[in-house]
Amino acid sequence: MKIAILPGDGIGPEIVAQALRVVEVLRGEGLAVTTESAPMGGAGHDAAGDPLPEATLALARSADAILMGAVGGPKYDTLPREKRPEQGLLRLRKDLALFANLRPAILYPELAAASTLKPEVVAGLDIVIVRELTGDIYFGQPRGRRKNAAGDDEGFDTMHYSVPEIERIARVGFEAARKRGKKLCSVDKANVLDTSILWRETVTRLAAQYPEVALSHMYVDNAAMQLVRNPKQFDVIVTGNMFGDILSDEASMLAGSIGMLPSASLDARQKGLYEPIHGSAPDLAGRDQANPLATILSLAMLFRYSLARADVGDRIEAAVRKVLAQGHRTGDIALPGEQVIGTRAMGDAVVAALRDS
Ligand code: IPM
Ligand code: MG
């Protein structure tokens, strides 16, 4: 089994280093897994003038799974769009056809007070956002800049979804719901957008094939409100690329910190890219302050989904639960007065917990 490692920018290298220590422990126990790193994002731009260098893409293609840190940083903000770190990530998702983005938001009981929401609103939270990842306004053509009829400069983007694109992501949503609480909420903006009207029709039609799943529909503005009003009403949410981007950041606060949320981006054959949903946090970079748990939890998902080793994924997740129960806290999940540890010390704690398991 080969894992491609793309540390990326900002805190990316630091948090990925902690996940690699977890891999080391497993390898020491005899697990046959190799890793190979390559530059990506701003680091790709620095190394090869391209946020997704050809060699990095080749490595990602050849690997069984990919673990990524984060991309982006102020140094790259003024580059033309196609050279920006984010474009490397978007191209990687598109080129590998990683259309299904799973973003679980679980509140570990020890972190109930770390959320900005009241503990009783978030306690016991366990939801999954299934976000379509290779379509929508993110990739729609035409897009660009032009002069409008009045002679003013304008920017424009195109939102679109085809029926097959909607069906394949909806299936992922229905399947996920079937294995969990059997409730699927499809989020759209069908009161305004044609794309969403087709989305809703298509998801509704597919529901006939999943009689055991209760399907509901919600407009995205209402969903944003319901997520903070009563998040536990949700089981699985399925939505498009842009709505999913926004709602998953919102959902991360329900889990105490954006530093806790892993993600999997899967193709039709379960090959995947795994990354924390947070960004490169340039202000924290190099300071040993970032929370590595979202990356370590992403590694757990990698073993579960792409390497068919749910047992290893379970062990990694159990180790994370244990360090939280032991009271280890990085700054983002610490309450006032609680002792704060650094990125590496959090890695130490996970490694120790894993060794004991
Ligand atoms: C995410 C990020 C990316 C996205 C950016 C970095 C392009 O926000 O993974 O949610 O918008 O998809
Ligand atoms: Mg995002």
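Residues numbered from 1 in each chain as written. Chains lettered and ligands numbered in written order. Predicted model: local features only at pLDDT ≥ 70, side-chain atom pairs only at ≥ 80, totals over all residues. Heavy atoms only, no water.

Draft legend 1. Seen up close, the environment of glycine 73. Note that glycine 73 resides in the loop between strand S3 (65–70) and helix H4 (85–95). When its relative accessible area of 13% is taken as the criterion, glycine 73 is described as buried. Spatially, the C-alpha atom of glycine 73 lies 13 Å from that of glycine 286, the residues being 213 residues apart in sequence. Setting aside its immediate chain neighbours within four residues, glycine 73 contacts Ser280 and Pro282. (Helix = DSSP H or I, 4+ residues; strand = E, 2+ residues; numbered from the N terminus. Buried < 20%, exposed > 50% of the residue type's maximum accessible area, 1.4 Å probe, protein only. Contact = heavy atoms within 4.5 Å.)

Draft legend 2. Summary view of the domain arrangement of the chain. Domains assigned within the chain are domain 1 (1–99 + 267–357) and domain 2 (102–260). A straight line from the C-alpha centre of domain 1 to that of domain 2 covers 23 Å. Taken together, both faces of the contact between domain 1 and domain 2 bury some 2,300 Å²; the carbon and sulfur share is 68%. Seen at the junction of domain 1 and domain 2, the total is zero salt bridges. (Domains from an automatic or database assignment. Buried area = accessible area lost by both parts, 1.4 Å probe. Salt bridge = Lys/Arg side-chain N within 4 Å of Asp/Glu carboxyl O.)

Draft legend 3. The layout of surface pockets, seen in detail. Within this model, the largest pocket holds a volume of roughly 740 Å³. In terms of lining, the largest pocket is formed by 31 residues, of which the most central are Leu102, Val128, Met301, Arg304 and Tyr305. For the lining of the largest pocket, the secondary-structure elements that each account for two or more residues are strand S4 (100–106), strand S5 (126–132), helix H6 (163–179), helix H10 (293–305) and helix H11 (310–325). Top contributing element to the lining of the largest pocket by residue count: S4, with five residues. Of the residues contributing to the lining of the largest pocket, the split by class is 21 nonpolar, two polar and eight charged. When residues are assigned to domains, the lining of the largest pocket turns out to be shared by domain 1 (1–99 + 267–357) and domain 2 (102–260), each giving three or more. (1 Å grid on protein atoms, 1.4 Å probe; cavity = no way out; pocket = protein on both sides within 12 Å on 5 of 7 lines; lining within 4 Å. Points joined across faces, edges and corners; volume = space filled by probe spheres on them. Nonpolar A, V, L, I, M, F, W, Y, C, P; charged D, E, K, R; others polar.)

Draft legend 4. Spatial organisation of empty space enclosed by the protein. In the structure shown here, the tally under the stated rule is one cavity of 30 Å³ or more. Volume-wise, the largest cavity comes out at about 70 Å³. Lining the largest cavity we find Asp136, Met159, Tyr161, Val187, Asp188, Thr195, Ser196, Trp199, Gly240 and Phe243. Elements with a minimum of two residues in the lining of the largest cavity: strand S8 (183–188) and helix H7 (194–207). Per-element tally for the lining of the largest cavity: the top contributor is H7, with three residues. Of the residues belonging to the lining of the largest cavity, the class tally is five nonpolar, three polar and two charged.

Draft legend 5. Looking closely at the packing of helix H1 (residues 12–28) against H10. Axis separation between H1 and H10 bottoms out at 8 Å; the angle between their running directions is 45°. In terms of their interaxial angle, H1 and H10 are classed as oblique. Regarding H1 and H10, the two cross each other, and that crossing is right-handed. Here Ile15, Val16, Gln18, Ala19, Val22, Val23 and Leu26 of H1 come into contact with H10, specifically with Thr295, Ile296, Leu299 and Phe303. (Axes fitted to C-alpha atoms, helices over the stretch in contact; angles between N-to-C directions. Parallel < 35°, antiparallel > 145°, perpendicular 65-115°, else oblique. Left-handed = near helix turned anticlockwise from the far one by under 90°.)

Draft legend 6. Main features of the pattern of salt bridges. With the rule as written, the count across this model stands at 25 salt bridges. Ionic pairing is found between arginine 178 and glutamate 175, a salt bridge with its closest N-O pair at 2.7 Å. Of the two residues, arginine 178 and glutamate 175 are both situated in helix H6; the distance of three residues between them amounts to about one turn of the helix. Taking relative accessible area as the criterion, glutamate 175 reaches 27% and is therefore assigned partly exposed. In this structure, arginine 304 engages glutamate 317 in a salt bridge whose closest nitrogen and oxygen atoms are separated by 2.9 Å.

Draft legend 7. The site of ligand 1, seen in detail. If you check the shell around ligand 1, you find Glu86, Arg93, Arg103, Arg131, Tyr138 and Asp245 and nothing else. At 2.7 Å from an oxygen atom of ligand 1 is found a side-chain nitrogen or oxygen belonging to arginine 93. Contact distances for ligand 1 include 2.8 Å between an oxygen atom and a side-chain N or O atom of aspartate 245. Considered on its own, ligand 1 offers 320 Å² of accessible surface; in the complex 78% of this is hidden by protein. In a pocket analysis with a 2 Å cut-off to the grid points, ligand 1 is assigned to the second largest pocket. Class assignment for the residues of the shell around ligand 1 results in one nonpolar, no polar and five charged. (Near = heavy atom within 4 Å. Polar contact = N/O pair within 3.5 Å; in protein donor to acceptor, adjacent residues only side chain to side chain. Areas by Shrake-Rupley, 256 points an atom, 1.4 Å probe, with all protein chains shown as cover. Sits in = over half its atoms within 2 Å of the grid points.)

Draft legend 8. Quick look at the nonpolar core. One finds Ile3, Phe174, Met260, Leu293, Leu299, Phe303 and Ile316 to be the most contacted residues of the largest nonpolar core, which totals 88 residues. The leading source of residues in this core is H10, at eight residues. Among the domains, domain 1 (1–99 + 267–357) and domain 2 (102–260) are the pair contributing at least three residues each to this core. Every residue in contact with isoleucine 3, bar those within four places of it in the chain, is listed here: Val33, Thr34, Thr35, Glu36, Ala63, Ala65, Leu67, Leu299, Leu302, Phe303 and Leu307. (Core = buried A, V, L, I, M, F, W, Y, C linked by side-chain atoms within 4.5 Å.)

Draft legend 9. Main features of the packing of aromatic side chains. Applying the stated rule across the entire model yields two aromatic pairs. Ring centres 5.2 Å apart and planes at 55° place the aromatic pair tyrosine 161 and tryptophan 199 in the tilted group. Here tyrosine 161 is found in the loop between strand S7 (153–156) and H6, whereas its partner tryptophan 199 is found in helix H7, with 38 residues between them in sequence. Taking the relative accessible area as the measure of exposure, tryptophan 199 reaches 3% and is therefore buried. Arranged with centres 4.6 Å apart and planes meeting at 0°, the rings of phenylalanine 174 and tyrosine 210 form a pair that is stacked. (Phe/Tyr/Trp six-rings, centres within 6.5 Å; stacked < 30°, edge-to-face > 60°.)

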